[in-house]
Amino acid sequence: MELNEDAKLVFDAMREGITIIDTQGHIVFGNRAYREFLSKEAGGDIGPIEGYALRDLRPGARLPDVLASGKPVLHITRKEIEDFYFVNMYPIYAQGELVGGVSVVTFLEDAYQARDELEAMEARSRQVLRSINRANGAWYTFGDIVAVTPASAQVKELAQRIAATDATVLLESESGTGKELYAQAIHNASPRQEGVFVAINCSNFNANTLESELFGYAEGAFTGAKKGGKVGLFEAANGGTLFLDEVSEMDIRFQAKLLRVLQEHRVRPVGAVKELDVDVRVIAACNADLNAYVAEGKFRRDLYYRLNTFPIHIPPLRERPGDIPALAEALLAQFSRKLRRPLRMTSEALEVLLGHSWPGNVRELRNVLEFAAYLSPDGAVLPESLPGDLLCTQKGPPLTLAQRVKEFERREALKAVERHGSTTQGKRAAAAELGISLASLYNKLGSS
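From a predicted model like this one, the values you see are computed outputs, not experimental measurements. (Residues numbered from 1 in each chain as written. Predicted model: local features only at pLDDT ≥ 70, side-chain atom pairs only at ≥ 80, totals over all residues. Heavy atoms only, no water.)

## Notes on the overall build of the protein
1) Next: Counting secondary structure elements, the protein contains 19 helices and 16 strands.
2) Next: Every one of the 448 residues in the protein was classed for burial, and the buried ones make up 41%.
3) Next: Within the protein, residue pairs in contact and separated by at least 24 positions form 64% of the contacts whose partners lie at least 6 positions apart. (Helix = DSSP H or I, 4+ residues; strand = E, 2+ residues; numbered from the N terminus. Buried < 20%, exposed > 50% of the residue type's maximum accessible area, 1.4 Å probe, protein only. Contact = heavy atoms within 4.5 Å.)

## Quick look at the side chain of Gln184
1) Next: Relative to the helices and strands, Gln184 is located in helix H7 (residues 179-188).
2) Next: Looking at Gln184, its side chain comes within polar contact range of the main-chain nitrogen of Trp139, at 3.3 Å. (Polar contact = N/O pair within 3.5 Å; in protein donor to acceptor, adjacent residues only side chain to side chain.)

## Some thoughts on the sheet that holds strand E14 (residues 310-313)
1) Next: Spatial strand order, E7-E10-E13-E6-E14: 5 strands in an open sheet with parallel pairing. Only two strands of the sheet have a single neighbouring strand rather than two, namely strand E7 (197-201) and E14. This sheet shows a mean twist of 20 degrees between the axes of neighbouring strands, independent of strand direction.
2) Next: Direction of pairing for E7 relative to strand E10 (residues 241-245): parallel, over a ladder of 5 bridges. (Pairing = 2+ DSSP bridges. Axes fitted to C-alpha atoms, helices over the stretch in contact; angles between N-to-C directions.)

## Considering the environment of Pro359
1) Next: Take Pro359: it is sitting in the loop between helix H14 (347-354) and helix H15 (361-374).
2) Next: Residue Pro359 is classed as exposed on the basis of its relative accessible area, which comes to 57%.
3) Next: Distance in space between the C-alpha atoms of Pro359 and Pro316 is 8.3 Å, their sequence separation being 43 residues.
4) Next: Contact partners of Pro359, with chain neighbours within four places excluded, come to Glu174 and Glu364.

## Things to note about the pairing of strand E2 (residues 27-30)
1) Next: Both strand E1 (residues 17-22) and E2 contribute to a ladder of 3 bridges, which runs antiparallel. The residue bridging Thr19 from the neighbouring strand is Gly30, located in E2.
2) Next: Hairpin geometry of E1 and E2 is characterised by an intervening segment of 4 residues between the two adjacent antiparallel strands and by a positive phi of about 85 degrees at Gly25.

## Remarks on the packing of helix H8 (residues 207-215) against helix H10 (residues 252-264)
1) Next: One way to put it is that H8 packs onto H10 with a least axis distance of 9 Å and a crossing angle of 20 degrees. Judged on the interaxial angle alone, H10 and H8 are roughly parallel. In the crossing of H8 with H10, the sense of the turn from one axis to the other is right-handed. Residue-level contacts link Ala207, Leu210, Glu211, Leu214 and Phe215 of H8 to Arg253, Phe254, Lys257, Leu258 and Val261 of H10.
2) Next: Here the residues of the contact of H8 with H10 are counted per class, giving 7 nonpolar, no polar and 3 charged. (Parallel < 35°, antiparallel > 145°, perpendicular 65-115°, else oblique. Left-handed = near helix turned anticlockwise from the far one by under 90°. Nonpolar A, V, L, I, M, F, W, Y, C, P; charged D, E, K, R; others polar.)

## Observations regarding the pattern of salt bridges
1) Next: As enumerated under the stated definition, the model contains 20 salt bridges in all.
2) Next: For Glu157, the salt bridge is made with Arg161, and the minimal N-O distance between the two is 2.8 Å. One end of the pair is Glu157 and the other is Arg161, both in helix H6 (residues 150-163) and 4 residues apart, which spans about a single turn. (Salt bridge = Lys/Arg side-chain N within 4 Å of Asp/Glu carboxyl O.)

## Observations regarding the packing of aromatic side chains
1) Next: This model, assessed by the stated rule, comprises 7 aromatic pairs.
2) Next: Taking 5.9 Å as the distance between ring centres and 35 degrees as the angle between the ring planes, the aromatic pair formed by Phe11 and Phe29 counts as tilted. With Phe11 in helix H1 (residues 5-12) and Phe29 in strand E2, this residue pair connects regions lying 18 residues apart in the sequence.
3) Next: On the accessibility criterion, Phe11 (22% relative accessible area) is partly exposed.
4) Next: When its relative accessible area of 3% is taken as the criterion, Phe29 is described as buried. (Phe/Tyr/Trp six-rings, centres within 6.5 Å; stacked < 30°, edge-to-face > 60°.)

## Some remarks on the side chain of Ser39
1) Next: Topologically, Ser39 is positioned in helix H2 (residues 32-42).
2) Next: A polar side-chain atom of Ser39 sits 3.3 Å from the main-chain amide nitrogen of Ile46.
3) Next: When residues no more than four places from it in sequence are discounted, the contact partners of Ser39 are Gly44, Asp45 and Ile46.

So yeah, pure geometry; function would need other evidence.
Structure (structure tokens):
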């Protein structure tokens, strides 16, 4: 067995030590790195080594054993004098016949360098993932969630405990209550916080398009498919969190496919044959009554149970008016930074906010305060700074005695719900405290 000059030049350029022997155990070639290694052991330059029996130079050499077994020996750690090194040894075959053997020696210094480079690469990867999270809006934490009243504080505490698990979460609440804020906070407090957070609004897609978005597709899967195919959001979120907003509006034809992915942790891109393993935590959200959807046949019962592992009900703002002052303060602080001037809420304007029913919840409150911030050049938010339609709800002829009683009962019912929580169980306790039925409590909460 002979090596041409080009092959010798290639091996001499390598940092690893390369030794090739024939079937008799004689050295056919030793590259520069290996000769320098032997010279260091010998205490001086040993000159050419080709033609020598390997075990004459190194009695403990194991490469001849590879010739005897005809099988490779991998990941061997050796020590000579003060140097550690790692060896992989392989038999060489030509047309099915054993013609020699080769050993590849990786020296300790190079192994450390490779480890340092891998660690640096992992650090860069984590930095990229964090950048992707920020680009996708995964910057909210539990510190950003305002929860002053007992009802909202209880929900926040529950979400924090669930965040530490890897369970599927279902966020149920009205539009504008901050479901995505909770989803991001759960992700950023979970063991997956270094992974990617990906969000999608399921109501924006039909069944076929949603399948392509979530599972991806192979090249040529359908007319108009991109060359090279497309990575689905399940694959993109591998190791992280996928937030499925408005999951209640997902086409029922697609729900069985989603259920299978949640059970098997595998997805098959559209038009592909091979399935992909995915490790993704799913957080789903909806502002509809999924139980009612199940009863109406609009949502699969088995998928509902799968998503409903840990349900979290975020109470609407009208059931926790005690949070409004703190929310207003936090939102005005954001607008102060944005507009680069201090903003403050006057007590008169706060009274207007407390008297509103907030059908749009925190999102509506944010829009109202942003409107007021631009109309408050001196920084003081006054009632006249607020949108006109909000003020209209505060004005009108004096309330009759019956209307005043109705409003008083509504406020007392809200306070009771704040104390006991906005879950069905909490509202039952609130009704019991007030000495009324649950139906009466709902009637009083609905009055405004």
